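# Report on the structure
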Amino acid sequence: MNKGLMVVCLTLIGSLAQAADSKPVLKMSPQTQRPEQWEQQQLEKARQAAAETREREQKVLSRQQSGEWQTQQQQKAQAAAQVSSAREQKYLEQAREAAAKERKIPRKSDQ
C-alpha cells in the first residue's frame, strides 16, 4: 500500500509541476465582456459629444467673425433707444400741454 500511495503522490507532484510550467489561458466570460462593451459605448458617446461641441463652437465663431451677432446686438440697442426716446418725447409733450393750460383754482365760497 505504501508503494501505491507513493505512486499517486509522485503522479500528483508531476502534474502540478507541469501545470506550474504552462501559462494559464484566460478566457473572458460574458460577464467580463459586458463592461468592455459598456466602456466602448461610453467612449463613443464622449466622442459624439465632443464633435457636437466643436460644431457649436464653430457656428458661434463664424457668427462672431461675420459680425452678425454684433450687428444684431446693435440693432436691439438702437430699437430700445428709439422706444425710450419716443416715450420721453411723449411725456415731455404731455408736460408742455399741461403747463400751457389755464387752470382756474376754484375759490372757496363764503358760506
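What counts and what doesn't
Residues numbered from 1 in each chain as written. Predicted model: local features only at pLDDT ≥ 70, side-chain atom pairs only at ≥ 80, totals over all residues. Heavy atoms only, no water. Helix = DSSP H or I, 4+ residues; strand = E, 2+ residues; numbered from the N terminus. Buried < 20%, exposed > 50% of the residue type's maximum accessible area, 1.4 Å probe, protein only. Areas by Shrake-Rupley, 256 points an atom, 1.4 Å probe, with all protein chains shown as cover. Salt bridge = Lys/Arg side-chain N within 4 Å of Asp/Glu carboxyl O. pLDDT = per-residue confidence, 0-100. Polar contact = N/O pair within 3.5 Å; in protein donor to acceptor, adjacent residues only side chain to side chain.

Okay, the overall build of the chain next. Along the chain, the regular secondary structure elements total 3 helices and 0 strands. For the chain, the succession of helices and strands along the chain, N to C, is α-α-α. Sorting the 111 residues of the chain into buried and exposed places 1% on the buried side. Carbon and sulfur atoms form 55% of the exposed surface of the chain, whose accessible area is close to 11200 Å².

This paragraph deals with the pattern of salt bridges. Summed over all chains, the structure comprises 2 salt bridges. Across the pair R47 and E44 runs a salt bridge, and its minimum N-O distance is 3.6 Å. One end of the pair is R47 and the other is E44, both in helix α2 (residues 30-66) and 3 residues apart, which spans about a single turn. Under the relative-accessibility criterion, R47 is labelled partly exposed at 48%. Classification of E44 as partly exposed rests on a relative accessible area of 37%. Residue E93 is joined to R96 by a salt bridge in which the shortest nitrogen-to-oxygen separation is 3.5 Å.

Bringing the confidence of the model for the chain into the picture now. Looking at the chain, the pLDDT average stands at 80 and 74% of residues meet or exceed 70. No element of the chain has a lower mean pLDDT than helix α1 (residues 2-21), which averages 67, and none a higher one than helix α3 (residues 68-100), which averages 90.

Note on placement: T53 falls in helix α2. In this structure the side chain of T53 is engaged in a polar contact, spanning 2.9 Å, whose partner is the backbone oxygen of A49.

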